Amino acid sequence: MINWRVFQIEETPSTNILAKCGRPGDVFCADFQTAGRGRLDHKWLSTKGKNLMMSVVLDVSGNDPHEVATFPLVVGLAVITALKRYALDLKLKWPNDILASDKKLAGILCERNNDSLIAGIGVNILERSFPAEIAARATSLAILGAKTAICDVRDSILEEISRYYEIWSKDGFRSLWKHFVAIDYLKGREVQIFEQDDALPAAAGICSGIQENGTLLVNNVQIWAGEAHVKLG
Ligand code: BTN
């Protein structure tokens, strides 16, 4: 198991930025981020003291680069496994959104930093109202009826990351793939995949889901990275 060293910070621009100075096993948590970041340069908004904002540093120096590309999915699996203690009907919307009853409960931003991978994780825990632009799409553990402390959620997630990191390092993504079948939100849905915000879709059609090599298959195109938009019925 990983011996985590947890640093709790009151305020920082972004825990992912702080984590760039960290060592494997370091965990940076903040009560507030002044410039919280999401994927594709989106902002991550979170009220002070209400939610989990943390970045963990993992050593990926000994792993094959293709395997490293699958690790963000493994972080998603770890977060879902941990959050199952507090909420039902959790799904992973490829690549890294955690949905509860179709609304976003958590997001993950993984970034490579030399020999390390920084996994930035934001989980809505005590938040009860969201900014207008995300209100219809966001939820929190409190809204879902779970009463829990931020540090308990943090510890549950760290336990699951440690467990899955060991399995993944030893046996690879394929050995974990079976877990994704039950949590894959996009499989069977009509989607468009974008590699950048304002680009044309890289693929479109019915999604065949996350594959054993860690790609998303859409219309016979294997996708390694991007964002998925689901076509509404
Ligand atoms: C996304 O859904 O687009 C990813 C959101 C990731 C948010 C977390 S909060 C902790 C860490 N620090 C950041 O600036 N971002 C991640």
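Here the structure is a predicted model, which means the values were calculated and not measured. (Residues numbered from 1 in each chain as written. Predicted model: local features only at pLDDT ≥ 70, side-chain atom pairs only at ≥ 80, totals over all residues. Heavy atoms only, no water.)

With that settled, consider the pattern of salt bridges. For the structure on display, the rule yields 13 salt bridges. Note that Arg37 and Glu111 form a salt bridge whose closest N and O atoms lie 2.6 Å from each other. One end of the pair, Arg37, is in the loop between β2 (26-33) and β3 (52-59); the other, Glu111, is in strand β6 (residues 103-113), with 74 residues separating them in the sequence. Residue Glu111 is classed as buried on the basis of its relative accessible area of 17%. Across the pair Lys231 and Glu190 runs a salt bridge, and its minimum N-O distance is 3.8 Å. Of this pair, Lys231 sits in the segment after β12 (227-230) while Glu190 sits in strand β8 (residues 190-194); the two residues are 41 residues apart in sequence, bridging distant segments of the chain. Under the relative-accessibility criterion, Glu190 is labelled partly exposed at 37%. Counted as one network, the salt bridges with shared partners bring together Arg39, Lys93, Asp97, Lys104 and Glu227. (Salt bridge = Lys/Arg side-chain N within 4 Å of Asp/Glu carboxyl O. Helix = DSSP H or I, 4+ residues; strand = E, 2+ residues; numbered from the N terminus. Buried < 20%, exposed > 50% of the residue type's maximum accessible area, 1.4 Å probe, protein only.)

Moving on, we get to the side chain of Ser162. As for its placement among the helices and strands, Ser162 is situated in helix α4 (residues 150-171). Sequence-distant contacts of Ser162, that is, excluding residues within four places in its chain, are made with Met1, Ile2 and Trp4. (Contact = heavy atoms within 4.5 Å.)

As a further point, take the domain arrangement of the protein. Segmentation of the protein into domains returns domain 1 (5-180) and domain 2 (190-230). Each partner contributes to the interface: domain 1 provides 15 residues, whereas domain 2 provides 17 residues. Both faces considered, domain 1 and domain 2 share a buried interface measuring about 1,400 Å² in area, 64% of it formed by carbon and sulfur atoms. On the domain 1 side of the contact with domain 2, Leu40, Trp94 and Trp177 bury the most area, a combined 48% of that side's loss. Summed over the shared surface of domain 1 and domain 2, the result is one salt bridge. Here domain 1 and domain 2 share four residue pairs in polar contact (both at pLDDT 80 or more) between them. Looking at which element gives the most residues to the side of domain 1 that touches domain 2, the answer is helix α2 (residues 65-83), with four residues. Here the residues of the side of domain 1 that touches domain 2 are counted per class, giving nine nonpolar, three polar and three charged. (Domains from an automatic or database assignment. Buried area = accessible area lost by both parts, 1.4 Å probe. Polar contact = N/O pair within 3.5 Å; in protein donor to acceptor, adjacent residues only side chain to side chain. Nonpolar A, V, L, I, M, F, W, Y, C, P; charged D, E, K, R; others polar.)

Turning next to the nonpolar core. Core analysis: the biggest nonpolar cluster contains 60 residues, and Leu83 and Ile157 have the highest contact counts within it. At eleven residues, α2 tops the list of elements feeding residues into this core. Built from parts of two domains, this core gets at least three residues from each of domain 1 (5-180) and domain 2 (190-230). Apart from residues no more than four positions distant in its own chain, Ile157 is found in contact with Leu52, Met54, Val79, Ala82, Ile121 and Val123. (Core = buried A, V, L, I, M, F, W, Y, C linked by side-chain atoms within 4.5 Å.)

Let us now look at α2. For α2, with 19 residues, the first-to-last C-alpha span of 28 Å sits near the 27 Å given by 1.5 Å per residue. Of all bends in α2, the biggest is about 30 degrees, found at Phe71, and the proline Pro72 comes one to four residues later. Burial within α2 is extensive, with 15 of its 19 residues counted as buried. Where α2 begins, one side-chain oxygen reaches toward the backbone nitrogen of His66, 2.9 Å away; that side chain belongs to Asp64. (Expected span 1.5 Å × (residues − 1). Bend = angle between axes of the 7 residues up to and from the residue.)

Close contacts around the ligand come from 20 residues, with Ser14, Gln33, Arg37, Arg39 and Lys104 the closest. Separating an oxygen atom of the ligand from a side-chain N or O atom of Ser14 is a distance of 2.7 Å. Residue Lys104 places a side-chain N or O atom 2.6 Å away from an oxygen atom belonging to the ligand. Burial of the ligand by the protein amounts to 98% of the accessible area it has alone, namely 410 Å². Put simply, the parts of the chain that give the shell around the ligand at least two residues each are α1 (15-18), β3, β6 and β7 (116-123). Sorting elements by how many residues they give to the shell around the ligand places β6 first, with four residues. A breakdown of the residues in the shell around the ligand according to their chemical character gives six nonpolar, ten polar and four charged. (Near = heavy atom within 4 Å. Areas by Shrake-Rupley, 256 points an atom, 1.4 Å probe, with all protein chains shown as cover.)

Now for the sheet that holds β2. If you walk across this open sheet you meet the seven strands as β1-β2-β3-β7-β6-β5-β4, and the pairing is mixed. Looking at the sheet topology across the chains shown, the edges are occupied by β1 (5-12) and β4 (90-93). Averaged over all adjacent pairs, the angle separating strand axes in this sheet is 20 degrees, with direction ignored. Pairing of β3 with β7 involves eight bridges; the strand directions are antiparallel. In the strand pairing of β7, Met54 is matched with Ile121. Of the strands in this sheet, β3, β4, β5 (97-100), β6 and β7 touch α2, which is tilted by about 145 degrees from β6. Against the sheet, α4 contacts β1, β2, β3 and β7, and its axis sits at roughly 20 degrees relative to β3. (Pairing = 2+ DSSP bridges. Axes fitted to C-alpha atoms, helices over the stretch in contact; angles between N-to-C directions.)

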